[in-house]
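# Summary of the model geometry
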Amino acid sequence: MNEMTKVTEAAENSINRPQPKAGVLDIAPYVPGKSKGTHGKTVHKLSSNETPLGTSAAARAALEAVAQHLELYPDGSSSDLRAAIGEVYGLNPDRIICGAGSDEILSLVAYGYLGAGDEAIYSEHGFLVYDIAIRAAGATPVVAPEKDLTTDVDAILARVTDKTRMVFIANPNNPTGTYLPFGEVKRLHEGLPPHVLLVLDAAYGEYVRKNDYESGIELAATSDNVFMTRTFSKIYGLANLRLGWGFGAAHIIDALNRIRGPFNVSGMAGAAGIAAVKDREFVARSVEHNERWLPWLTAELEGLGLKVTPSVGNFVLIHFPDEDGKRAPDADAYLLERGCVLRMVGNYGLPNAIRMTVGSEDANRTVVAHLKAFLEQA
Ligand SMILES: *Cc1c(COP(=O)(O)O)cnc(C)c1O
């Protein structure tokens, strides 16, 4: 076969095989945090904002009970789980939907409300799952610039057109750790046309200790166009099971229930979630741990001369000097060599920063000591 025939064949093959719908091949696949250091060795994994406190013992016990009957389908409407969430958060369970992680909930809301020709806005350093969900639904993402690594309400409102159908905000945001006070969220909501759905992703809501913060419950309870998402992956320590939920007006929940998989939450996830959400002592300990180590990490890293974006979540964004041998990729390689796995955030438009999850005392002290040595080397 000559070169010419090969080229023609390749072109024909790509025409004759199934083609993904428009937009799918423009999606940059999500890159999860690394789990291994150099040489396959992991001492501390601080790359995915997982809790260092493990999982509630009650949740593990609940899992074991369900594991005795893996042959049974789970409850397709997650009613006991929704009742437990409703009780703990003070919400009407009929206005809750559960899913395989909040990632699934975010995809459902995009598939339910977005299509070709629609636009959805998210902010410059916003969570990249929004971009994937918007494009997968066939719609066009519109990116609003931020101010001081913080969501800018005016920049979002300035980008609303008659094609806009949705706005995604992570509050607090990942990977920056910054948040919008409730007054700003309300101003954003008031500035949006009533047919635009405001999605408030409060994956880190339980960690925030600020008087002017509200996760979105109040707005989602009282508005027709606000939907809040939450997760069991972060403070509840159940990332491995894939469990998240959303809360909003009955008409939104109704639409999403029509398009979700009939058994989208496994019985294992559901049972563990019920036990985890009721274990308030575990949650309180997690908050306490974060309240102790988030300021400690921030102060220690600043003490090394590094810039740290003020965070209200369970992670910090660390900025490195623009100097040969001292940039973020150099620091990342240095830490990986020592088994400390953090998160590079170049794909979030932050090529000289690294995100670090607040870890155990040992993990936090070890990383700070390594970074001190890294910055001191000639
Ligand atoms: C971690 C995270 C989530 C949670 O995703 P799950 O699918 O529930 O594990 C959602 N949003 C943001 C901003 C996150 O950082």
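Residues numbered from 1 in each chain as written. Predicted model: local features only at pLDDT ≥ 70, side-chain atom pairs only at ≥ 80, totals over all residues. Heavy atoms only, no water.

### Some words on the overall build of the chain
A tally of helices and strands in the chain yields 13 helices and 13 strands. Considering only C-alpha atoms, the chain reaches an extent of 70 × 60 × 50 Å along its principal axes. Considering the chain as a whole, with its 378 residues, one finds that 53% of them fall into the buried category. Here the analysis covers contacts within the chain between residues at least 6 apart in sequence; of these, 74% occur between residues at least 24 apart. For the chain, the accessible area works out to roughly 16900 Å², and carbon and sulfur atoms hold 53% of it. Charged side chains in the chain number 36 positive and 46 negative. The centres of these two groups are separated by 2 Å. (Helix = DSSP H or I, 4+ residues; strand = E, 2+ residues; numbered from the N terminus. Buried < 20%, exposed > 50% of the residue type's maximum accessible area, 1.4 Å probe, protein only. Contact = heavy atoms within 4.5 Å. Areas by Shrake-Rupley, 256 points an atom, 1.4 Å probe, with all protein chains shown as cover. Lys, Arg positive; Asp, Glu negative; His and termini not counted. Charge placed at Lys NZ, Arg CZ, Asp CG, Glu CD.)

### Some remarks on the packing of aromatic side chains
Counting across every chain of the model gives 12 aromatic pairs. Measuring from centroid to centroid gives 5.7 Å for Phe127 and Tyr130, while their planes differ by 80 degrees, and the two rings are edge-to-face. Sitting above the plane of the Tyr334 ring, Arg338 keeps its charged end 3.5 Å from the centroid. When the ring centre of Phe315 is taken as origin, the NZ or CZ atom of Arg355, which lies over that ring, is 5.8 Å away. (Phe/Tyr/Trp six-rings, centres within 6.5 Å; stacked < 30°, edge-to-face > 60°. Lys NZ or Arg CZ within 6 Å of the ring centre and 35° of its normal.)

### A closer look at the domain arrangement of the chain
The domain boundaries assigned to the chain delineate domain 1 (31–53 + 281–376) and domain 2 (57–278). Just the C-alpha atoms count here: the centres of domain 1 and domain 2 sit 26 Å apart. Between domain 1 and domain 2 lies a buried interface of about 2000 Å² when both sides are counted; carbon and sulfur atoms form 68% of it. Three residues, Val312, Phe315 and Tyr348, lead the burial of domain 1 against domain 2; their summed loss comes to 33% of the area buried on that side. Across the contact surface, domain 1 and domain 2 share zero salt bridges. Seen at the junction of domain 1 and domain 2, the total is five residue pairs in polar contact (both at pLDDT 80 or more). Those elements that place two or more of their residues in the side of domain 1 that touches domain 2 are helix H11 (280–303), strand E10 (315–319) and strand E13 (350–357). Element by element, the count of residues in the side of domain 1 that touches domain 2 is highest for H11, at six residues. A per-class count over the side of domain 1 that touches domain 2 returns 10 nonpolar, 12 polar and two charged. (Domains from an automatic or database assignment. Buried area = accessible area lost by both parts, 1.4 Å probe. Salt bridge = Lys/Arg side-chain N within 4 Å of Asp/Glu carboxyl O. Polar contact = N/O pair within 3.5 Å; in protein donor to acceptor, adjacent residues only side chain to side chain. Nonpolar A, V, L, I, M, F, W, Y, C, P; charged D, E, K, R; others polar.)

### Thoughts on the site of the ligand
Every residue lining the ligand is accounted for by Gly101, Ser102, Asp103, Phe127, Asn174, Asp201, Ala203, Tyr204, Thr231, Ser233, Lys234 and Arg242. One nitrogen or oxygen atom from the side chain of Asp201 is found 2.6 Å from a nitrogen atom belonging to the ligand. In the model, an oxygen atom of the ligand is placed 2.6 Å from a nitrogen or oxygen of the Tyr204 side chain. For the ligand, whose accessible area on its own is 390 Å², the fraction buried by protein is 94%. The dominant element in the shell around the ligand, judged by the number of residues it contributes, is helix H4 (residues 101–113), at three residues. For the shell around the ligand, the residue count by class is three nonpolar, five polar and four charged. (Near = heavy atom within 4 Å.)

### So, the sheet that holds strand E9 (residues 307–309)
Within the open sheet, the four strands sit side by side as E9-E10-E13-E12. Their pairing is antiparallel. The open sheet has two edge strands with one neighbour each: E9 and strand E12 (343–345). Ignoring strand direction, the axes of neighbouring strands in this sheet form an average angle of 35 degrees. In the sheet, E9 pairs with E10 via three bridges, with the strands oriented antiparallel. From the neighbouring strand, Lys307 faces E10, where its bridge partner is His319. (Pairing = 2+ DSSP bridges. Axes fitted to C-alpha atoms, helices over the stretch in contact; angles between N-to-C directions.)

### Brief notes about the pattern of salt bridges
The full count for this structure, using the stated rule, is 15 salt bridges. Note that Arg165 is salt-bridged to Asp118, the shortest N-O span being 3.3 Å. With a gap of 47 residues between them, Arg165 in strand E5 (residues 164–170) and Asp118 in the loop between H4 and strand E3 (119–123) connect regions that are remote in the sequence. The partly exposed category is assigned to Arg165, whose relative accessible area is 30%.

### Describing H4
Taking 1.5 Å per residue as the helical rise, H4 with its 13 residues ought to reach 18 Å, and the 19 Å between its terminal C-alpha atoms agrees with that figure. Within H4, 10 of the 13 residues are buried, which leaves the element mostly enclosed by the surrounding structure. (Expected span 1.5 Å × (residues − 1).)

### Looking at the environment of Ile259
Within the element layout of this structure, Ile259 appears in helix H9 (residues 250–259). Spatially, the C-alpha atom of Ile259 lies 8.2 Å from that of Tyr111, the residues being 148 residues apart in sequence. When neighbours within four sequence positions are excluded, Ile259 is seen to be in contact with Leu108, Tyr111 and Gly112.

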